Amino acid sequence: MDFQLSEDQRDLRSGVREFCEGRFDRERMRALVDTAPVPGMVDRALWRELAETGFFSLRIAEEAGGVGLGVAEAALVYEEAGRVLLPGPLVATHLAASLPGRLGEEAAAGDVVVGLIEGDSWPLLVEHLDALDCLLVLTDEGIRRVDPASVRGRLVAHPVDPFTPVTAVDELPGGEVVADVRVAEEWRRVGAVLTAALQLGIAGRLTELATQYAKEREQFGRVIGGFQAVKHLCADMLVRTEIARAAVYAAAVTLDDPAVGDAEVAVLTAKVMGDDAATRNGKDATQVYGGMGFTWEVDVHLYVKRSWVHATQFGAAEENEAALASTL
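Residues numbered from 1 in each chain as written. Predicted model: local features only at pLDDT ≥ 70, side-chain atom pairs only at ≥ 80, totals over all residues. Heavy atoms only, no water.

## Let's talk about helix α1 (residues 7-23)
At step 1: The end-to-end C-alpha distance of α1 is 24 Å, a good match for the 24 Å that 17 residues give at a rise of 1.5 Å each.
At step 2: Listing the buried residues of α1 in full gives Gln9, Val16, Phe19 and Cys20. Axial view of α1: buried residues confined to an arc of 95 degrees, hence all on one face. Exposed positions of α1 whose direction lies more than 90 degrees from the buried face are Glu7, Glu18 and Gly22. (Helix = DSSP H or I, 4+ residues; strand = E, 2+ residues; numbered from the N terminus. Expected span 1.5 Å × (residues − 1). Buried < 20%, exposed > 50% of the residue type's maximum accessible area, 1.4 Å probe, protein only. Arc of directions from axis to C-beta.)

What follows is the structure in structure tokens.
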């Protein structure tokens, strides 16, 4: 069995990386987070450009106007999105694009921004509410559609991630059912893998940032990367990233071909390892940067905060670990 990426997959990854770095480079990222008010983090023009590249229609059949690829390719794409901290409900809109009818078509084309909340038990937090054209509620009974304008709540003044404005919901209408339990279960699995892929991108970028800084920062007459303690931190970050990469890629392949293995175990493992790599690499990268790692000017804290947000999506660590343990 060949576990290496195919030439087409490598080309896809490099093409998406070039696009992301060209459309949302560090200069634009810092300008957005330093000057833009919260809310207002979804750029509609960029959203449509993402749609044109296939971000939301990757898994839709070609005869239906999509790209016709699988979760494996989608994971590569979302890994690159995580690497540059692309803001907005990317995974939710990607999932919505698979719905039949007008909503799915508009989501795939980037004409609408779709949000998603998991469950309807309180407290409820909705991300990017101001930018949403549609809000979907994922429950054990299926998926419901709610008009964002009808959602009542309070904008959180200081969200964890400055790129992710959050509204604490006071009142959530019932909405209309748009998909059944089977689709809801599929969304949970695909959503978990794509979110883990975002975490993988974050973990990899944090490793790059910390390693580069360790090669440049001098202390006691030598670069700090020459000190064993710093070497160990960087090495541990790389190991975590590569373990997470294996888990995420394996889960994506398993969803595309269930005969490969146990999809439930693969998905839970991917999310647990992705979250672990991103959050712990954030801690270690901050330590490599020393006192500078805590400052607003250094990008590390932006990646750390985004990883914390993703770690709450499609199951937190304790929930996924318990579910994984139950399969043993």
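## A few points about unusual backbone geometry
At step 1: Even without glycine at this site, Phe220 takes up a positive phi of about 55 degrees.
At step 2: Tracing the chain through its elements places Phe220 in the loop between β8 (218-219) and β9 (222-223).
At step 3: Taking the relative accessible area as the measure of exposure, Phe220 reaches 71% and is therefore exposed.
At step 4: Non-glycine residue Phe314 carries a positive phi angle of around 55 degrees.
At step 5: Here Phe314 lies in the loop between α10 (300-310) and α11 (317-325).

## Observations regarding the pattern of salt bridges
At step 1: What the rule picks out here adds up to 22 salt bridges.
At step 2: One salt bridge in this structure joins Asp299 and Arg30, with 2.7 Å as the shortest N-O distance. Remark: Arg30 occurs in helix α2 (residues 26-35) and Asp299 occurs in the loop between α9 (263-289) and α10; sequence separation between them is 269 residues.
At step 3: Overall, Asp299 belongs to the buried group, its relative accessible area being 9%.
At step 4: Here Arg30 falls in the buried class, since its relative accessible area comes to 7%.
At step 5: Linked through salt bridges whose partners overlap, the residues forming this network are Glu21, Arg83, Arg205 and Glu208. (Salt bridge = Lys/Arg side-chain N within 4 Å of Asp/Glu carboxyl O.)

## Thoughts on the side chain of Arg240
At step 1: With respect to the element layout, Arg240 can be found in helix α8 (residues 228-256).
At step 2: When its relative accessible area of 13% is taken as the criterion, Arg240 is described as buried.
At step 3: Here Asn281 takes part through its side chain, which lies 2.9 Å from a polar atom of the side chain of Arg240.
At step 4: Once residues lying within four places of it in the same chain are set aside, the contact partners of Arg240 are Asp276, Ala277, Arg280, Asn281 and Asp284. (Polar contact = N/O pair within 3.5 Å; in protein donor to acceptor, adjacent residues only side chain to side chain. Contact = heavy atoms within 4.5 Å.)

## Observations regarding the environment of Ala64
At step 1: Topologically, Ala64 is positioned in the loop between α3 (44-53) and α4 (71-84).
At step 2: Taking relative accessible area as the criterion, Ala64 reaches 59% and is therefore assigned exposed.

## Overview of the packing of α9 against α11
At step 1: The geometry of α9 relative to α11 is characterised by a closest axis approach of 9 Å and an angle of 145 degrees between their N-to-C directions. Remark: the crossing between α9 and α11 carries left-handed chirality. Side by side, α9 and α11 meet where Val265, Leu268, Thr269, Lys271 and Val272 of the first sit next to Asn320, Glu321, Ala323 and Leu324 of the second. (Axes fitted to C-alpha atoms, helices over the stretch in contact; angles between N-to-C directions. Left-handed = near helix turned anticlockwise from the far one by under 90°.)

## Regarding the packing of α4 against helix α7 (residues 181-216)
At step 1: At their nearest, the axes of α4 and α7 sit 7 Å apart, and the two run at 45 degrees to each other. In terms of orientation, α4 and α7 fall into the oblique class. Once α4 is placed against α7, the crossing between them reads as right-handed. Between α4, through Val71, Ala74, Ala75, Tyr78, Glu79, Ala81, Gly82 and Arg83, and α7, the contact on the second element is made entirely by Val190, Val193, Leu194, Ala197, Leu198, Leu200, Gly201, Ile202, Arg205 and Glu208. (Parallel < 35°, antiparallel > 145°, perpendicular 65-115°, else oblique.)

On their own, these measurements won't tell you what the molecule is for.
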